[in-house]
Amino acid sequence: DVLAGDPLVRANEAVFHFLQSLRTVWVDRALVAVTELGDPTVVVAVTLAAILWLLWRRRWRSAAHVAAAVAATSVFTLLMKLTLRVPRPYGVGSALRAFAFPSGHCAANAALYGLLAIMVSWEVAPRWRVAMAALVTLFIAAIAFSRVYLGAHWLSDVLAGVAFGTAWAATLGIAYLRRGPRPVGARGLCAAAGLALLV
């Protein structure tokens, strides 16, 4: 669709200009904070915290799944960016950051938090599963919106990033659950990942 100029892609500029017309200083500050929660540095910190917790509990396969979620997503988005070379709304100096499609922020966060939610969800009561799914969805949606609002990405970039990250998390989650996973210590895993996110 990006290469063929699909109507969704042609809507990029309209959405971009509409959001730029709404910008205010206080909303900018709030959404910069949101977008930084999805920054690669934060993703790496949360990933390492989750992996260390899982290794401490001797859940080797679970730790490998978390590592695969972020590593494969990062490689895929980098290859897509370098192949398609879609420019960002605003020019960015670094060669590796100059390309927009797909959003690495959105893909990595959707893959990481999506998979962590899957790992934790089968250990908690059904009512908590819905709350967790809603919280992860809102978090990823907020990061995606912040990327478009701040002019770092086009709408199609964040939609593609979320789509790939979600699909990869689901693929890993299905593989993880089909082999009879052992308990990962849901509260401890959430605490480790949450503490890393807050720090």
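The structure this text deals with has already been given above.
Peer 1: Is there a simple way to think about the overall build of the protein chain in this case?
Peer 2: Looking only at helices and strands, the protein chain features nine helices and zero strands. Tracing the protein chain from N to C terminus, the helices and strands come up as α-α-α-α-α-α-α-α-α. Over its C-alpha trace the protein chain gives a radius of gyration of 17 Å, about what one expects of a compact globule, namely 16 Å for 199 residues. C-alpha atoms of the protein chain, sized along the principal axes, occupy 50 × 35 × 30 Å.

Peer 1: Sorry if this is basic, but what is going on with the packing of aromatic side chains here?
Peer 2: One pair of aromatic rings is described through two measures. These are the centre distance and the angle between the planes. Summed over all chains, the structure comprises four aromatic pairs. Each ring, one from W53 and one from W56, has its centre 5.3 Å from the other, and the planes form 40 degrees; the classification is tilted. Of the two residues, W53 and W56 are both situated in helix 4 (residues 40–56); the distance of three residues between them amounts to about one turn of the helix. Measuring from centroid to centroid gives 3.8 Å for F76 and F164, while their planes differ by 15 degrees, and the two rings are stacked. Taken together, the residues span a long stretch of sequence, with F76 in helix 5 (residues 60–84) and F164 in helix 8 (residues 155–178) at a distance of 88 residues. A residue is classified by how much of its surface remains accessible, and F76, at 29% relative accessible area, is partly exposed.

Peer 1: What is the right way to look at the environment of Y149 in this model?
Peer 2: Residue placement: Y149 occurs in helix 7 (residues 126–149). Setting aside residues up to four positions removed in sequence, Y149 forms contacts with L19, Q20, L22, R23, T24, V27, D28 and L31. Of note is the side chain of Y149, whose polar atom sits 3.2 Å from the backbone nitrogen of T24.

Peer 1: What is the right way to look at the packing of helix 6 (residues 104–121) against helix 9 (residues 186–198) in this model?
Peer 2: When two helices pack together, their arrangement is given by the angle between the helix axes and the distance between those axes. Across the interface, helix 6 lies against helix 9 with an axial gap of 9 Å and an inter-helix angle of 155 degrees. The angle between helix 6 and helix 9 falls in the class roughly antiparallel. Handedness of the helix 6/helix 9 crossing: left-handed. Where helix 6 approaches helix 9, its residues Y113, L116 and V120 are matched on the opposing element by A186, L189, C190, A193 and L197. Broken down by class, the residue content of the contact of helix 6 with helix 9 amounts to eight nonpolar, no polar and no charged.

Peer 1: I'm lost on the packing of helix 7 against helix 8 in this one. Help?
Peer 2: Look at helix 7 against helix 8: their axes get within 9 Å of each other, and the N-to-C directions meet at 155 degrees. Between helix 7 and helix 8, the crossing angle belongs to the class labelled roughly antiparallel. Like other packed secondary-structure pairs, helix 7 and helix 8 cross with a definite hand, here right-handed. Facing helix 7, whose interface residues are I140, A144, R147 and V148, helix 8 presents L155, V158 and V162. Partitioning the contact of helix 7 with helix 8 into residue classes produces six nonpolar, no polar and one charged.

Peer 1: Explain the nonpolar core here, please?
Peer 2: What tends to happen in soluble globular proteins is that the nonpolar side chains get buried as a cluster. Counting 33 residues, the largest nonpolar core has V46, V66, L112 and L116 as its most contacted members. Every element with two or more residues in this core is listed here: helix 4, helix 5, helix 6, helix 7, helix 8 and helix 9. If one sorts the elements of this core by residue count, helix 6 sits on top with 10 residues. Discounting residues that sit within four places of it in the chain, L112 has contacts with V43, V46, T47, V66 and V70.

Peer 1: Whenever I open this one, a nonpolar patch on the surface confuses me. Can you help?
Peer 2: A surface patch of nonpolar side chains, about 330 Å² in accessible area, is lined by L52, L55 and W60. Among the secondary structure elements, W60 is positioned in helix 5. Judged by its relative accessible area of 51%, W60 is exposed.

Peer 1: Which parts of the structure should I look at to understand helix 7?
Peer 2: In an α-helix, one turn spans 3.6 residues, which is why side chains three or four residues apart end up on the same side. For helix 7, with 24 residues, the first-to-last C-alpha span of 35 Å sits near the 34 Å given by 1.5 Å per residue. Of the positions making up helix 7, those classed as buried are M132, V136, F139, I140, I143, A144, S146, R147, V148 and Y149. Each element contacted by the buried residues of helix 7 is listed here: helix 2 (12–21), helix 3 (25–37), helix 6, helix 8 and helix 9. Positive phi shows up at G151, right after helix 7, with a value of about 80 degrees.

Procedures and definitions
- Residues numbered from 1 in each chain as written.
- Predicted model: local features only at pLDDT ≥ 70, side-chain atom pairs only at ≥ 80, totals over all residues.
- Heavy atoms only, no water.
- Helix = DSSP H or I, 4+ residues; strand = E, 2+ residues; numbered from the N terminus.
- Rg over C-alpha atoms; globule rule 2.2 N^0.38 Å.
- Phe/Tyr/Trp six-rings, centres within 6.5 Å; stacked < 30°, edge-to-face > 60°.
- Buried < 20%, exposed > 50% of the residue type's maximum accessible area, 1.4 Å probe, protein only.
- Contact = heavy atoms within 4.5 Å.
- Polar contact = N/O pair within 3.5 Å; in protein donor to acceptor, adjacent residues only side chain to side chain.
- Axes fitted to C-alpha atoms, helices over the stretch in contact; angles between N-to-C directions.
- Parallel < 35°, antiparallel > 145°, perpendicular 65-115°, else oblique.
- Left-handed = near helix turned anticlockwise from the far one by under 90°.
- Nonpolar A, V, L, I, M, F, W, Y, C, P; charged D, E, K, R; others polar.
- Core = buried A, V, L, I, M, F, W, Y, C linked by side-chain atoms within 4.5 Å.
- Patch = residues over 30% accessible without salt bridge, like charges linked within 9 Å, V, L, I, M, F, W, Y side chains within 5 Å.
- Areas by Shrake-Rupley, 256 points an atom, 1.4 Å probe, with all protein chains shown as cover.
- Salt bridge = Lys/Arg side-chain N within 4 Å of Asp/Glu carboxyl O.
- Expected span 1.5 Å × (residues − 1).

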